[in-house]
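Results of the structural survey
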Amino acid sequence: MKDTAVFDLDGTLLNTLDDLMDSVNFALEKCGFKVRSYEEVRAFVGNGVRLLVERAVPSGTSKSDADRVFKEFTAHYDKNMENKTRPYDGVKELLAALKARGIKTAIVSNKYDSAVKQLAKKLFGDMIDIAVGESETVAKKPAPDGVLAALASLGSIGTNAVYIGDSDVDAETAKNAKIDFIGVTWGFRDRSLLETFPHVAIVDKTEEILTVFE
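Notes on the structure follow. (Residues numbered from 1 in each chain as written. Predicted model: local features only at pLDDT ≥ 70, side-chain atom pairs only at ≥ 80, totals over all residues. Heavy atoms only, no water.)

1. Quick look at the packing of helix α1 (residues 17-30) against helix α4 (residues 63-80)
Between α1 and α4, the least distance of the axes is 8 Å, while the angle of their chain directions is 140°. When the axes of α1 and α4 are compared, the pair comes out oblique. You can see that α1 and α4 cross each other, and the crossing is right-handed. Contacts between α1 and α4 involve Asp19, Leu20, Asp22, Ser23, Val24, Phe26, Ala27, Leu28 and Lys30 from the former and Val69, Glu72, Phe73, His76, Tyr77 and Asn80 from the latter. Its residues assigned to classes, the contact of α1 with α4 shows 8 nonpolar, 3 polar and 4 charged. (Axes fitted to C-alpha atoms, helices over the stretch in contact; angles between N-to-C directions. Helix = DSSP H or I, 4+ residues; strand = E, 2+ residues; numbered from the N terminus. Parallel < 35°, antiparallel > 145°, perpendicular 65-115°, else oblique. Left-handed = near helix turned anticlockwise from the far one by under 90°. Contact = heavy atoms within 4.5 Å. Nonpolar A, V, L, I, M, F, W, Y, C, P; charged D, E, K, R; others polar.)

2. Describing the packing of aromatic side chains
This model, assessed by the stated rule, comprises 3 aromatic pairs. For the ring pair Tyr77 and Tyr112, a centre distance of 6.5 Å and an interplane angle of 70° mean the geometry is edge-to-face. Taken together, the residues Tyr77 in helix α4 and Tyr112 in strand β4 (residues 104-112) connect sequence positions 35 residues apart. Since its relative accessible area comes to 0%, Tyr77 is described here as buried. Residue classification places Tyr112 among the buried residues on the basis of a relative accessible area of 15%. On the basis of an interplanar angle of 50° and a centroid distance of 6.5 Å, the ring pair of Tyr88 and Trp186 is categorised as tilted. In this pair, Tyr88 sits in the loop between β3 (86-87) and α5 (91-100) while Trp186 sits in the loop between β7 (180-184) and α9 (191-194), placing the two residues 98 residues apart along the sequence. The exposure classification of Tyr88 matches that of Trp186, with both residues buried. Each member of the aromatic cluster is reached from another via a ring pair, and the members are Phe73, Tyr77 and Tyr112. In this arrangement the basic side chain of Arg50 is found over the ring face of Phe70, its NZ or CZ atom lying 4.9 Å from the centre. (Phe/Tyr/Trp six-rings, centres within 6.5 Å; stacked < 30°, edge-to-face > 60°. Buried < 20%, exposed > 50% of the residue type's maximum accessible area, 1.4 Å probe, protein only. Lys NZ or Arg CZ within 6 Å of the ring centre and 35° of its normal.)

Spelled out as structure tokens, the structure:
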């Protein structure tokens, strides 16, 4: 029986795209580059903010200029990550239902660790047991490091856990961590892509996730 739910953050629990786009475009404009559209930023996310910035700058941009944009992005995002970011519909109800059933919960994200912990604490409080982001000691997804660290901290085993996310990166992370995957369709990638990966479910509504824990 499943007793642990590990969630991706951006595109799964939280719609963070507007704040990410605002910070990316603030940094691009400040450094003299053309801003990006909503759909462009949506396609760029999923592999951490460093790659988000590298994809957003024009092709052929020097490393020093990309570093400058990244510095401006992180400084702006640190102060503005909560402006427009909100949980998706039904997310808080889902987390409350999982906790009521005694299910352990975690977030494992490619966003940098301090931002993951800040957003998790502010928006979900004690509904999330542990939040893990990218750091010097935790490799980015699809490496399984973050998931394995979260499971160890929770005293959980892989066969009793499921990873829930909205992207190909999340599906690959679950595979690498040797745990089951649930894909959600309300995030940053399309159902058709999620269906190409091994999964126990592809869901359109948060309450459908609960069936895996029955």
